[in-house]
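Structural characterization, general
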Amino acid sequence: SRIAVLVLSALLFFFREHAPHYFQLQKACTYQLYFVCGVMFHFCYKWIYTIFHKIRWIIMLFPIVLLGNFYYNPNMITELFYQYIGIVMMIKLSMYVAEKRETLFKRSWYLCIKKNTMGIYLFHPMIIYGFYYFLGPKDINPYLLSIGIAAMALMLSVLATSITRKLHMGILIGE
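Topic: the overall build of the protein
- Each helix and strand counted, the protein has nine helices and zero strands in total.
- Of the regular secondary structure in the protein, the N- to C-terminal order runs α-α-α-α-α-α-α-α-α.
- Across the 175 residues in the protein, those meeting the buried criterion constitute 23%.
- Long-range pairs, those at least 24 residues apart, make up 62% of the contacts in the protein between residues at least 6 apart in sequence.
- Per element, the accessible surface of the protein, about 13100 Å² overall, is 72% carbon and sulfur.

In structure tokens form, the structure reads like this:
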């Protein structure tokens, strides 16, 4: 049944352009495949780990995927290839992080994010929207703009979470 769900998700992904824009159905068809891949990763972790542990070089494809995705107008097949390679690279990256988790989990920035996860989740969309609303029309490099907005959204979300706690309104962030 997992394979059937994976195939159905791939079909939804492939035909996502035909889905209506209402209620974000097109985006749901797009991200369904990624969600199912994540679930499959969870269920098949040991098997995937043994395979991916042997292909350490896969992370070196990252620059090729970036160049191809941003500087080449891909058709559906190349787009699927780029996204497949992206999924594989993210799995490999998550495995690397899992191997280094002992040192990573002790870092102050990680502990700050972990402590404020729900607040970051709740506040970041509004902050990102606000920044893009005001800065989007400006002539700013899109890569620099995206990285800057992501950093500002993270910092301001942590700040908003801290303020929410200080005002004894933790219920707003699930506390």
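Structural notes on the packing of aromatic side chains
- Applying the stated criterion to the full structure yields three aromatic pairs.
- Ring geometry for Phe14 versus Phe15: centroids 5.0 Å apart, planes at 85°, classification edge-to-face.
- Given a relative accessible area of 36%, Phe14 falls into the partly exposed group.
- Of the aromatic side chains, those joined through ring pairs into one cluster are Tyr129, Tyr133 and Phe134.

How each quantity is defined
- Here, residues in each chain are numbered from 1, in the same order as that chain's written sequence.
- With pLDDT at 70 or above as the cut-off, local features in this predicted model cover only qualifying residues; side-chain atom pairs require 80 or more to be listed or tallied, and sums for whole chains, interfaces and linings still use all residues.
- With hydrogens and water excluded, all non-hydrogen atoms of the structure serve as input to the side-chain values.
- In DSSP terms, a helix is any run of H or I states spanning at least four residues, a strand is any run of E spanning at least two, and both are numbered starting from the N terminus.
- Throughout, exposure labels follow a simple rule: accessible area from a 1.4 Å probe, protein chains only, divided by the maximum for the residue type, with under 20% read as buried, over 50% as exposed, and the rest as partly exposed.
- Only heavy atoms enter the contact rule, under which two residues are in contact if any of them lie within 4.5 Å.
- To be clear on the numbers: accessible area is Shrake-Rupley with a 1.4 Å probe, and residue cover counts the displayed protein chains and nothing else.
- Classification of ring pairs rests on two measures: the distance between centres of Phe, Tyr or Trp rings, Trp counted by its six-membered ring, which must be within 6.5 Å, and the angle between planes, read as stacked under 30 degrees, edge-to-face over 60 and tilted in between.

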